[in-house]
Amino acid sequence: MDADAPGVTSGDGTDGPGAPSRRRPRWAAPALVAAALVLAFVAGTVVRDQYAPDPRTPADGAAAGAAAVSGAPAEGALQWPLLLKQKEDLFTRGRALQHLLKEREYEVKADGFFTDETQEAVMDFQRRKHLSPDGKVGKRTWPQLVKELGPGAEGHAVLALQELLNNTGQGGTEVSGRFTAATADDLRFFQRSHGLAPSGRSDVETWLFLLVFQSPPDDAPEYQRDTSPLPSAPA
């Protein structure tokens, strides 16, 4: 049969016996490979963007929902007040120190005056805590002297806390020596106001902020006497 007859084809195509050959250009295969690579890259980018962490989410270890408090000073920026022997009235800070010493059963008068007896008590406390007994109360002595307090606590340490809390300018806090629900509420208000966790408990950081953020003292006669309603600890 004539190869040129109608309905008859020749060659090695795939459309059947004798189907005509359809040769692809030499650049077709590399172009297809390149196109596949581009598609894979685009798909990978989409998947990466879909499952990548949101840059606005907290870093590892950060509490969910935590936010920086605007204007709140960092703890490292604050310094423990330095109290030492002098003739001047140290007011609330001085009385807080003396109440904390009384909590440790030292016989001192909580009147705000850093006298010889207060200095001697401080030096003895420092020796007991293996600190340099220089009689000065600063960044090393305060953290050892303060106590964590919460609802139900009683004593001179609570008086120290309430004295400081009452003089922060946020309103009156009853100075009773008993850590009541009202004391806890006042403390939480202070903690929130200064960017601290509002636990209602007096940890070391809260003591630091209380001692730093004291209002200017009033020129009142009560600063010249012992304000403690509790009896002194036995010798």
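Relevant structure appears above.
In this report, we go over the structure that sits alongside the text. (Residues numbered from 1 in each chain as written. Predicted model: local features only at pLDDT ≥ 70, side-chain atom pairs only at ≥ 80, totals over all residues. Heavy atoms only, no water.)

### Section: unusual backbone geometry
Part 1 of the reasoning: Here Glu105, not a glycine, exhibits a phi torsion of approximately 70°, which is positive.
Part 2 of the reasoning: Here Glu105 shows up in the loop between helix H2 (91-103) and helix H3 (116-128).
Part 3 of the reasoning: The class for Glu105 is exposed, based on a relative accessible area of 57%.
Part 4 of the reasoning: The backbone phi angle of His130 is positive, close to 60°, even though this residue is not glycine.
Part 5 of the reasoning: Following the sequence through the fold, His130 ends up in the loop between H3 and helix H4 (142-145). (Helix = DSSP H or I, 4+ residues; strand = E, 2+ residues; numbered from the N terminus. Buried < 20%, exposed > 50% of the residue type's maximum accessible area, 1.4 Å probe, protein only.)

### Here's the deal with the packing of helix H5 (residues 156-166) against helix H7 (residues 204-212)
Part 1 of the reasoning: Across the interface, H5 lies against H7 with an axial gap of 9 Å and an inter-helix angle of 50°. On the basis of their axis angle, the class for H5 and H7 is oblique. Of the two possible hands of crossing, H5 and H7 adopt the one that is left-handed. Where H5 approaches H7, its residues Ala157, Ala160, Leu161, Leu164 and Leu165 are matched on the opposing element by Trp207, Leu210 and Leu211. (Axes fitted to C-alpha atoms, helices over the stretch in contact; angles between N-to-C directions. Parallel < 35°, antiparallel > 145°, perpendicular 65-115°, else oblique. Left-handed = near helix turned anticlockwise from the far one by under 90°. Contact = heavy atoms within 4.5 Å.)

### Section: the nonpolar core
Part 1 of the reasoning: With 36 residues, the main nonpolar core has Leu97, Leu100, Leu101, Trp142, Leu149, Phe179 and Trp207 as its most contacted residues.
Part 2 of the reasoning: Contributions of two or more residues to this core are made by H2, H3, H4, H5, helix H6 (181-193) and H7.
Part 3 of the reasoning: Per-element tally for this core: the top contributor is H5, with six residues. (Core = buried A, V, L, I, M, F, W, Y, C linked by side-chain atoms within 4.5 Å.)

### Some thoughts on the layout of surface pockets
Part 1 of the reasoning: Put simply, the largest pocket is a space of about 200 Å³.
Part 2 of the reasoning: Lining of the largest pocket is provided by Trp80, Leu82, Gln126, Leu131, Ser132, Asp134, Lys136, Gly138, Lys139, Arg140 and Thr141.
Part 3 of the reasoning: For the lining of the largest pocket, a count of residues per class yields three nonpolar, four polar and four charged. (1 Å grid on protein atoms, 1.4 Å probe; cavity = no way out; pocket = protein on both sides within 12 Å on 5 of 7 lines; lining within 4 Å. Points joined across faces, edges and corners; volume = space filled by probe spheres on them. Nonpolar A, V, L, I, M, F, W, Y, C, P; charged D, E, K, R; others polar.)

### Thoughts on the pattern of salt bridges
Part 1 of the reasoning: Summed over the entire model, instances satisfying the criterion amount to six salt bridges.
Part 2 of the reasoning: Among the salt bridges present, the one from Arg95 reaches Glu163, with a minimum N-O distance of 2.7 Å. On the criterion of sequence distance, the pair formed by Arg95 in helix H2 and Glu163 in helix H5 is long-range, its members being 68 residues apart. Each member of the pair, Arg95 as well as Glu163, carries the same accessibility label: buried.
Part 3 of the reasoning: Note that Arg128 is salt-bridged to Asp124, the shortest N-O span being 2.8 Å. (Salt bridge = Lys/Arg side-chain N within 4 Å of Asp/Glu carboxyl O.)

### A word on H2
Part 1 of the reasoning: Relative to the 18 Å expected for 13 residues at 1.5 Å per residue, H2 spans 18 Å between its end C-alpha atoms, a close match to the ideal helical length.
Part 2 of the reasoning: Restricting attention to buried positions, one finds in H2 the residues Thr92, Gly94, Arg95, Ala96, Leu97, Gln98, His99, Leu100, Leu101 and Lys102.
Part 3 of the reasoning: Buried residues along H2 sit against H3, H4, H5 and H7.
Part 4 of the reasoning: Where H2 ends, the next residue or the one after it, Glu105, has phi of about 70°, a positive value. (Expected span 1.5 Å × (residues − 1).)

### A look at H3
Part 1 of the reasoning: Across its 13 residues, H3 extends 18 Å between first and last C-alpha, which sits within 8% of the 18 Å expected from 1.5 Å per residue.
Part 2 of the reasoning: Burial in H3 covers these residues: Thr118, Ala121, Val122, Phe125 and Gln126. Relative to the axis of H3, the buried residues are bounded by an arc of 135° and lie together on one face.
Part 3 of the reasoning: Note on H3: the residue one or two positions beyond its end, His130, has a positive phi of about 60°. (Arc of directions from axis to C-beta.)

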